[in-house]
Each structure stands twice: as C-alpha cells, then as structure tokens.
Amino acid sequence: MKNNLLIALWFTLVTTVMFGVLYPLAITGLAQVLFPSRANGQLIERKRQIVGSRIIGQSFTGPGYFHSRPSSAGTGYDPTSSSGSNLGPTNKQLIERVRSDVQKLQSENPNVPVPVDLVTASGSGLDPNISPAAAEFQIPRVAHSRGMKEDDVRTLVQKHTDGRDLGFLGEPRVNVLELNLELDSLRTPL
Amino acid sequence: MTANGWFQIGLYLVVIVLITKPMGVFMTRVFNREKTFLDPIFRPIEKLIYRLTGVDEKREMRWTEYAVAMLLFSGVSMAVLYVIERTQKWLPLNPQKFANVDPALAFGTAASFTTNTNWQAYSGESTMSYFTQMAGLAYHNFVSAAVGIVLAIVVIRGIARKETDKLGNFWVDTTRCLLWVLLPICVVGSLVFVSQGVVQNLKPYTTVQLIEPHTVQVTGTDSKTTTQTVTQQVIAQGPVASQEVIKEFGTNGGGFFGANSAHPFENPTPFSNFFQMVLIFAIPSGLTYTLGRMTGSQRHGWAVWAAMAFLFLVGVTTVYWAEAKGNPLLAGTDQHASASQSGGNMEGKEVRFGIANSTLFATATTDASCGAVNSQHDSFTPIGGMVPLINIMLGEVVFGGVGAGLYGIFVFVVLAVFIAGLMVGRTPEYLGKKIESYDVKMAMLAVLILTFTILTFSAVSVVKPYGTSSISNPGPHGLSQILYAYVSSTGNNGSALGGLNVNTMWYNTTTAVAQLLGRFFMIIPVLAIAGSLAKKKIVPASAGTFPVTGGLFSGLLVSTILIVGALTFFPALSLGPILEHLLMNAGKVF
C-alpha cells in the first residue's frame with residue numbers, strides 16, 4: 001500500500017511531464033514546421049489585416065452578401081463561446097425562430113421552400129459552410145443587389161463549392177466567407 | 001436516407017473489421033511482453049520510467065493489490081488535476097489570463113476526466129488555460145484510457161490463466177499501454193489532424209476585423225436590451241490536435257472547445273471526421289480479438305464482436321432514419337435530401353457532415369463511452385436522440401469504451417452463460433471456467449449499482465427545484481435532458497443534452513459522484529470476478545457445455561443485454577423521448 005502510494009506519486013509526475021508537456025510541445029513543433037498555415041487556423045489576410053479564418057464562419061446581414069446559417073455561439077459566430085442552440089425538436093423557441101426566418105427569406109423568393117440548413121443553427125455556431133441549395137436560394141438577392149447577372153454569381157458559387165472528400169465522404173458545401181470576399185474583390189461592397 | 005450515406009456507414013464498418021485483427025494481435029503482444037517492432041524505441045524509455053518511479057517490473061499482483069494500485073493512481077492524478085485547475089492563473093501558458101477554476105467545477109472536471117467520462121460543465125475556450133488543457137486534461141485522456149485498457153487485460157488474464165492469484169503488474173501494464181498502444185498512433189494521428197486543419201499552437205487568440213460589421217441585440221444583467229455593433233471576431237486557438245487524437249483514440253470525448261468535434265478547429269473536414277470515428281472504435285474492437293487470442297478461442301472473440309456489430313447496426317439505422325426524416329414542425333423548409341443538400345433535421349448539425357455523418361458519429365460515440373459529439377444531441381428528433389441514450393443505458397458494451405467496453409460486456413457474458421446454465425440445468429461454464437454464485441453476484445452487483453445511481457439521481461432531479469430549474473427544453477424533453485445527464489455520467493460517456501445547465505452546485509456534485517460510482521463500482525466487482533476466475537481449474541468442455549461461439553451465443557448475448565436494459569429503463573424512456581415523439585407528430589410544442 002505504502003509502496004504503491006509512493007509509486008503513484010512518482011508515476012503521476014513522470015507521466016505528466018512526458019504526456020502532458022513533452023508530447024504536446026513536440027507535436028506543436030512538428031505541426032508548425034510541417035503545416036504552418038493549418039496549425040494556426042488558416043487565417044486570411046486582406047490589405048495587411050486578418051479578416052477571418054477560412055474554416056470559421058462569420059455573420060453577414062447585407063443583401064449583397066451570402067448569409068451564413070443562424071448561430072448560437074455568443075451573439076453569433078463568436079469563437080470564444082462555440083455552441084449549438086441546444087433547442088429540442090418540440091421547443092417553441094426553435095419553431096418560432098425558424099418560422100420567422102422562413103418568412104424573411106421567402107419575401108426574397110416567394111413560395112420556394114427554404115433549404116433547411118439556412119434556417120437551422122449549426123452544432124458549433126461557427127459553421128463556415130452552407131449547402132449548395134442554400135447558396136442557390138440566395139443567388140437572386142445577391143445578384144440583384146450587386147447589379148450582377150445571376151449566372152455570373154452562380155459561377156462564383158461553384159468556384160467556392162467543395163465536393164465530398166475523396167468523392168464520397170461528407171457533403172458538398174459552399175464556403176461563405178471566401179465567396180463573399182471574392183464578391184467584394186470584384187467591386188467595392190455595397 | 002441516401003445511397004451515399006449508406007455507403008459511408010458500410011465503409012466505416014468494413015474499416016473497423018479490417019483493423020480489428022492487427023490491433024488485437026498487437027495489443028496481445030504488448031501485454032504478453034512479447035517482442036514488437038517498437039521495442040528499440042520504447043524499451044529504453046520503459047526501463048527509465050521504472051527506475052524513476054521505483055517499479056519492480058518482474059513482480060505480479062493479486063487482484064486486490066491491482067485494484068489498490070489503480071485506485072491510488074486515480075486518486076493522486078485526480079488531485080493533481082484539481083490543483084492545476086485551481087492554480088492555473090499562476091501557471092505558465094495562459095495567454096488569455098483565465099482565472100482559477102472555481103472549486104465545484106474544478107472537482108467535477110477532475111472526477112470527470114479521471115473516470116474517462118469527460119463530462120464538461122464548462123467551455124474550454126473561455127475557462128481553461130493551455131497548460132490546464134495539456135498537462136491536466138489531455139494527460140488524463142491518456143492515463144484514464146490506459147487504466148481502462150489494462151483492466152480489460154486483467155479480465156482476459158483472469159479467464160485465460162488457471163490456478164493462480166497473480167494477474168499482472170498494474171504499473172507495468174499501464175506503462176506499456178501508454179507507450180506502445182497509445183503514443184505512436186497519437187503522434188501520427190495528431191499530424192494527420194493538423195494536415196486537415198485542426199489547429200496546434202500556443203498563441204494568444206487571434207483578433208479578426210470583420211468585413212461586414214453588424215449590429216446585435218444584447219440583453220444585459222439588468223435585463224435591458226441594448227444594441228451593439230460587432231466589428232471584430234476573436235478566434236480561439238490552442239494545442240488542439242495533440243488532444244484531439246487521444247480524445248477519440250482513448251474514447252475520452254472531452255472537447256478542447258465547447259462545441260467539441262462540431263467545432264471546425266477540432267474537426268475541419270469529412271475526412272478528419274471519418275478518422276475520428278475509426279479511432280473511437282479501434283481499440284474496443286481490437287480488444288475483442290485480444291480476448292479471443294489470449295483465451296485461445298478466437299471464435300469466441302468474433303462471436304462477441306458480432307453481437308456488438310449487430311447492436312451497432314440497429315442503432316445507426318434508427319438514428320439515421322429518424323434524423324433524415326426531419327422535424328415535421330419546421331414549416332416552409334425543404335428537408336428533402338438532394339444532390340445539393342443533405343436535408344433532414346439540421347438543427348445542431350454541421351453542413352460538412354450532413355445527416356449521415358452526424359448520425360453515424362452520434363451512434364459510435366455513445367456505443368463506445370467516448371462522448372465526443374459532432375452534432376448537438378439535444379436538438380435531435382425524439383427517436384434520433386433516444387438511440388444515443390439507449391446506447392449508453394445498455395452499458396456502452398457495443399464496442400464500448402477502451403477496456404470498459406470489454407469488461408462491460410464481460411459482465412453480460414457472465415449473465416448470459418448463467419442464464420444458459422439455468423436453462424439446461426447445469427453449472428454454467430465459460431471458456432473452461434465454472435461460473436459460480438460469487439461470480440454471478442459480482443456481475444449483478446455491477447449492473448445494479450449503475451442502475452440504482454442513474455434512477456435515484458434522476459428521480460430526485462425531476463422533483464426538486466434545484467434539479468428542474470436547469471431544464472432548458474420544457475415538456476417530455478426536459479425529462480430526457482436529466483435522464484441523459486445521469487446516464488451519461490454513470491456510464492462514463494460524457495456526451496450531454498447540452499441545453500441542461502449543469503454548472504450548478506447540484507449537478508456538478510451529483511454528476512461527479514455518479515461518474516466515480518459508475519467507474520469504480522464497475523471496475524471493482526469485475527476485478528473480483530477476474531481474481532476468482534484465475535484461481536479456478538480448467539474444466540474440459542463436454543457435450544453439456546453451452547458453446548460461447550457461433551450465432552446462438554451471439555443471439556443470447558444480445559438478448560441478455562436488451563432484456564436487462566429494457567426492464568430497467570423502458571418506463572423512463574416512454575415518458576421522455578417516446579412521449580415526445582408522439583406529441584411532435586401531433587403538432588404539439590412546449
């Protein structure tokens with residue numbers, strides 16, 4: 001008993017140094033050398049300012065931008081408090097939130113059912129993507145607001161659409177931030 | 001449900017089948033102290049650890065000493081984690097200057113990570129310093145996993161050895177598990193994750209200038225609503241990849257960030273997601289092969305595997321069906337799957353994973369005692385959310401946690417052969433060992449303590465204001481939230497119906513107690529059975545011996561698991577998710 005207690009103390013100390021300190025530091029070193037951009041969050045720079053991470057979503061509200069999904073991370077897309085809504089399927093708050101969002105969106109596209117991901121909050125609150133269907137739904141608004149042809153906007157959407165990984169894993173998806181940045185680079189934002 | 005979705009689920013099962021034998025053979029060699037190709041690297045480190053800590057690697061222990069060593073190690077390392085949390089303000093690597101964690105939360109978290117539960121009543125990105133995450137939490141991801149695995153090995157030795165009271169040396173088994181089994185895959189795996197976009201740095205959080213500032217309504221503490229303009233986004237960073245890999249490989253499940261594997265920095269791509277799911281089942285599935293190999297009955301190992309795979313398939317089919325069908329209450333939305341969207345119930349799910357990968361992950365993480373989530377189970381449809389709950393209720397024996405799944409199913413195997421013995425009127429036998437009254441009593445003790453813990457705490461929580469005031473989803477879903485909290489804690493899973501506010505005195509304390517009971521009152525009876533079996537003589541199999549191989553045995557095992565689970569939990573389930581399902585389809589909201 002006493003012997004095992006002593007071993008437990010030393011064992012905790014030695015393994016903490018090995019697995020709690022040396023291991024993560026070694027991985028950090030390797031990651032910074034092998035994949036410097038990815039290890040630091042794939043930050044995007046424009047005019048010497050960091051404007052976002054390629055894989056963290058942002059809120060967009062103007063009609064000339066593609067909008068992201070609703071977010072429950074803080075006041076919306078706050079990476080210091082990532083979270084889903086955690087609203088249950090029969091929770092009034094969920095049903096009413098979706099109803100009001102659907103109404104707003106259908107005023108742009110009357111009578112077209114809204115792709116479900118566009119009115120549901122993601123698990124992280126930081127989803128960088130929308131489905132191609134949700135992007136297609138927004139093309140008329142964005143094109144009209146920017147005075148562009150719908151087909152030109154559609155071409156840009158396709159450019160920022162990733163297919164399934166290896167052709168079969170996951171779902172096709174549109175990167176909202178990169179798409180909006182490219183739209184802005186075509187002309188000054190509205 | 002789509003063909004592509006089914007293809008991914010099928011492929012996942014195929015990959016698990018393929019890695020079962022190599023993992024099983026490798027673990028057998030490691031714990032039998034046979035030669036492996038990693039010896040030149042790890043043998044010197046192993047010897048160094050024994051010299052520094054004073055371990056005599058030749059000495060073997062009885063089950064009681066093994067249990068004492070395990071408890072002492074858990075106790076000491078849990079205390080160290082508590083101290084790290086309570087002093088992180090003064091420790092290094094705290095770029096965000098987080099305060100010390102308050103006592104109830106620090107205790108709850110220490111219990112949770114020591115017991116391999118990784119239940120989290122906090123969000124990592126706003127609570128824990130990098131040092132606490134690395135040296136406290138990620139460290140426990142390693143050691144709690146190793147402890148689970150070596151206990152499963154002891155159970156296997158108990159079956160395989162005869163007429164001895166020696167079952168191995170806890171310190172030697174743990175060291176070899178950490179070095180040979182866990183570390184190599186963690187090193188390679190964390191780099192795979194970084195290549196996919198999981199971050200790994202020690203930098204302060206990054207401030208981003210938004211290209212479109214926007215206004216938000218904020219309700220202050222005085223409940224007045226004010227309008228604020230948001231011009232910046234602060235992106236949380238950290239040494240995530242090194243923790244991510246052991247989070248899954250050790251079936252721990254505690255996220256670096258609050259959103260866990262839904263967070264793009266923890267799980268950026270469908271490929272990283274697939275890899276996470278494979279890591280979750282890798283060791284538990286491999287251990288069934290180790291069981292067969294060490295006991296000399298490979299077909300028994302596969303019979304156990306088949307029972308697990310069957311329950312896995314039933315589970316994943318049900319969740320996938322329920323979630324793909326969607327939520328009938330969301331009027332005006334298009335929930336149909338098509339080439340341009342996954343459709344279904346997308347609340348709480350990420351676009352890159354869609355329905356198929358969210359439901360597959362939810363099934364795997366609750367079959368195993370992992371508890372990592374890539375979607376929020378609280379927002380699942382009632383039936384979709386009931387399956388994860390049932391998976392944990394059944395004792396997480398469908399592959400199960402690392403080690404915990406194997407010693408968990410061992411309890412049900414003992415009960416199954418006991419029932420078979422009753423039916424044919426003979427003393428039950430299991431791989432040449434007579435199963436006697438002591439063994440069956442210990443097995444039932446494990447089952448009863450877990451059940452008692454879950455039902456008692458849940459019952460108190462649903463009638464007392466300090467329990468019900470934490471509910472965030474009213475109606476039958478509120479019962480599901482509370483039930484899930486104690487099922488997950490006692491089962492050492494750690495996933496949650498996250499809306500329930502568990503960072504309160506009541507929930508922090510009771511979930512911690514449930515986790516400790518669930519871990520150690522499972523382990524000790526199981527060790528006692530292992531000790532008892534090891535002492536017995538081998539009885540040669542005769543015509544009257546119930547075979548523990550083949551479809552009949554797998555079927556009996558599945559039935560035993562389902563009957564015990566259903567008898568215990570059906571009443572609670574019918575008032576929670578089943579009632580909610582009926583009301584949802586009737587158009588009722590709360």
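Note that the coordinates shown come from a computational prediction; the quantities given were computed from them, not determined experimentally.

1. Here's the deal with the overall build of chain A
Across its full length, chain A carries six helices and six strands. Relative to the compact-globule value of 16 Å for 190 residues, chain A shows a C-alpha radius of gyration of 22 Å, a clear excess of over 25%. Dimensions along the principal axes, computed over C-alpha positions, put chain A at roughly 75 × 45 × 35 Å. In chain A, which comprises 190 residues, the share counted as buried stands at 49%. For chain A, the proportion of contacts with a sequence separation of at least 24, taken over those separated by at least 6, is 51%.

2. Focus on the overall build of chain B
When its secondary structure is counted, chain B shows 18 helices and five strands. Relative to the compact-globule value of 25 Å for 590 residues, chain B shows a C-alpha radius of gyration of 24 Å, a close match. Referenced to the eigenvectors of the C-alpha coordinate spread, the extents of chain B come out at roughly 80 × 60 × 50 Å. Burial statistics for chain B: of 590 residues in total, 61% are counted as buried. Counting only contacts in chain B whose residues sit at least 6 apart along the sequence, the fraction spanning at least 24 positions is 79%.

3. Remarks on unusual backbone geometry
Excluding glycine, residues mostly carry a negative phi; peptide bonds, for their part, are mostly trans. All names here are of chain B. Unlike most non-glycine residues, N116 shows phi in positive territory, near 65°. Mapped onto the elements of the fold, N116 is located in the loop between α4 (103-114) and α5 (124-127). With a phi angle near 55°, N260 is a residue other than glycine that sits in the positive phi range. Note on placement: N260 falls in the loop between α8 (241-249) and α9 (270-295).

4. Digging into the domain arrangement of chain A
Along its sequence, chain A is organised into domain 1 (2-36) and domain 2 (55-186). Put simply, the middle of domain 1 of chain A and the middle of domain 2 of chain A, counted by C-alpha atoms, are 42 Å apart.

5. A look at the pairing of strand β2 (residues 49-53) of chain A
Pairing of strand β1 (residues 43-46) of chain A with β2(A), which is carried by four bridges, proceeds in the antiparallel orientation. Across the sheet, residue A:L43 finds its bridge partner in β2(A), namely A:S53.

6. Observations regarding the packing of helix α3 (residues 63-86) of chain B against α4(B)
All names here are of chain B. It is the contact of α3 with α4, at a shortest axis distance of 9 Å, that shows an interaxial angle of 140°. Between α3 and α4, the interaxial angle falls into the category oblique. The two elements α3 and α4 meet at a crossing, and its hand is right-handed. Taken together, the residues of α4 that come into contact with α3 (itself represented by S74, S77, M78, L81, Y82, E85 and R86) are A106, F107, T109, A110, A111, F113 and T114.

7. Here we look at the domain arrangement of chain B
In terms of domains, chain B is made up of domain 1 (3-202 + 239-585) and domain 2 (206-235). For domain 1 of chain B versus domain 2 of chain B, the separation of C-alpha centres amounts to 39 Å.

8. Concerning the environment of A:F66
Residues and elements named next belong to chain A. Locating F66 in the fold gives a position in the loop between β2 and α3 (92-106). Measuring from C-alpha to C-alpha, the distance between F66 and L183 comes to 9.5 Å, with 117 residues separating the pair along the chain. Apart from the residues within four sequence positions on either side, F66 is in contact with F60, A135, Q138, V142, V176, L179 and N180.

9. Digging into the packing of α3(B) against helix α6 (residues 130-160) of chain B
Residues and elements named next belong to chain B. Two numbers describe how α3 lies on α6: the axes approach to 10 Å, and their chain directions differ by 170°. The orientation of α3 relative to α6 falls into the category roughly antiparallel. As for the relative orientation of α3 and α6, their crossing is left-handed in sense. On the side of α3, the interface is formed by Y66, M70, S74, S77, L81, I84 and E85, while α6 contributes T132, A135, G136, H140, V143, V147 and V154. Classifying every residue of the contact of α3 with α6 gives eight nonpolar, five polar and one charged.

10. Brief notes about the interface of chain A and chain B
The interface of chain A with chain B comprises 101 residues on the first partner and 113 residues on the second. Listing elements by their share of the side of chain A that touches chain B, those giving two or more residues are α1 (2-34), α2 (36-39), β2, α3, β3 (114-115), β4 (129-130), α4 (132-146) and α6 (176-186) of chain A. Element by element, the count of residues in the side of chain A that touches chain B is highest for α1(A), at 23 residues. Its residues assigned to classes, the side of chain A that touches chain B shows 51 nonpolar, 39 polar and eleven charged. Here β3(A) runs beside strand β3 (residues 333-334) of chain B; their pairing, made up of two bridges, is parallel. The residue of β3(B) that forms the bridge with A:V114 is B:T333.

11. Brief notes about the pairing of strand β1 (residues 206-219) of chain B
Residues and elements named next belong to chain B. Here ten bridges tie β1 to strand β2 (residues 225-235), and the two strands are oriented antiparallel to one another. The partner of T215 across the bridge, within β2, is T229. From the end of β1 to the start of β2, which pair antiparallel, there are five residues, and S223 there has a positive phi angle of about 55°.

12. Remarks on the confidence of the model for chain B
All names here are of chain B. Averaged over every residue, the pLDDT of chain B is 95; the share at 70 or more is 100%. Within chain B, β1 has the poorest average pLDDT of any element, 89, and helix α7 (residues 170-196) the best, 98. With a pTM of 0.96, the predicted complex shows an ipTM of 0.96.

13. Concerning the sheet that holds β4(A)
Residue and element names in this part refer to chain A. With respect to topology, three strands assemble into an open sheet ordered β4-β6-β5, the strand pairing being antiparallel. Each of the sheet's edge strands pairs with one partner strand only, and the pair in question is β4 and β5 (161-162). Relative to strand β6 (residues 173-175), β4 runs antiparallel, the two sharing two bridges. Paired with N129 across the strands is N175, a residue of β6. Helix-sheet contacts for α6 involve β4 and β6, and the interaxial angle to β6 is about 50°.

14. Description of the nonpolar core
Membership of the largest hydrophobic core comes to 197 residues, with the highest contact counts inside it found for B:V155, B:L182, B:V414 and B:V526. At 21 residues, the largest contribution of residues to this core is made by α6(B). The residues contacting B:V526, other than those within four sequence positions of it, are B:V155, B:Y407, B:F410, B:V411 and B:A446. Residues A:L105, A:L118, A:L177 and B:V351 belong to the second largest nonpolar core, which totals 28 residues.

15. Section: the environment of B:S261
Residues and elements named next belong to chain B. Here S261 shows up in the loop between α8 and α9. As a C-alpha pair, S261 and K247 span 14 residues in sequence and 9.9 Å in three-dimensional space. Not counting chain neighbours up to four residues away, the residues in contact with S261 comprise G255, E266, N267, Q276, A372, V373 and N374.

16. Description of α4(A)
The α-helix advances 3.6 residues per turn, and as a result positions three or four apart in sequence lie on the same side. Residue and element names in this part refer to chain A. For α4, spanning 15 residues, the distance from its first C-alpha to its last is 20 Å, which sits close to the expected 21 Å at 1.5 Å a residue. Of all the bends in α4, the greatest, near 40°, is centred on Q138, and the proline P140 appears no more than four residues after it. Buried within α4 are the following residues: P132, A133, A134, A135, E136, F137, Q138 and V142. Just beyond α4, the residue with positive phi is G147, at close to 65°.

17. Quick word on the environment of A:S122
Its location among the elements puts A:S122 in the loop between β3 and β4. Look at A:S122 and you get buried, because 36 C-beta atoms sit within 10 Å. In the structure, A:S122 is positioned 49 residues away from A:A73 in sequence and 9.4 Å away in space, judged by C-alpha atoms. Here A:S122 is in contact with A:R69, A:S71, A:G84, A:D127, B:K349 and B:E350, once residues within four sequence places are set aside.

What counts, and where the lines are drawn
- Sequence positions are assigned chain by chain, starting from 1 and proceeding in written order.
- Here the convention is simple: chains get letters from A, ligands get numbers from 1, in the order in which they are written.
- Residue-level local features of this predicted model are given only where pLDDT is at least 70; pairs of side-chain atoms are given and counted only at 80 or more, and the full residue set underlies all totals for whole chains, interfaces and linings.
- Helix and strand definitions here come from DSSP, where helices need a minimum of 4 consecutive H or I residues and strands a minimum of 2 consecutive E residues; each element is numbered from the N-terminal end.
- Atoms considered for the radius of gyration are the C-alpha atoms alone. The globule rule reads 2.2 Å times the number of residues to the power 0.38.
- Exposure classes come from backbone-placed C-beta atoms, where a residue is buried if 20 or more other C-beta atoms lie within 10 Å of its own, exposed if 12 or fewer do, and partly exposed in between.
- Any residue pair is listed as a contact if its two C-beta atoms, each placed from the backbone, are within 7 Å.
- For the domains described, the bounds stem from an automatic or database domain assignment.
- Any two strands between which DSSP finds at least two bridges are classified as paired.
- A fitted line through C-alpha atoms serves as each axis, taken over the contacting stretch for helices, and the angle formed by two N-to-C directions is quoted from 0 to 180°.
- With respect to orientation, any angle under 35 degrees is reported as roughly parallel, any angle over 145 as roughly antiparallel, any angle of 65 to 115 as roughly perpendicular, and every other angle as oblique.
- Here a crossing is taken to be left-handed if its near helix is turned anticlockwise relative to the far helix by less than a right angle, and right-handed if that turn runs clockwise.
- Residues were grouped as follows: Ala, Val, Leu, Ile, Met, Phe, Trp, Tyr, Cys and Pro as nonpolar; Asp, Glu, Lys and Arg as charged; and all remaining residues, including Gly, as polar.
- Predictor confidence is given residue by residue as pLDDT, running from a minimum of 0 to a maximum of 100.
- Put simply, a nonpolar core is a cluster of buried Ala, Val, Leu, Ile, Met, Phe, Trp, Tyr and Cys residues tied together by C-beta atoms within 7 Å.
- An expected span of 1.5 Å times one less than the residue number is assigned to each helix.
- In this scheme, the bend at a residue equals the angle between the axes fitted to the seven residues that finish there and the seven that begin there.

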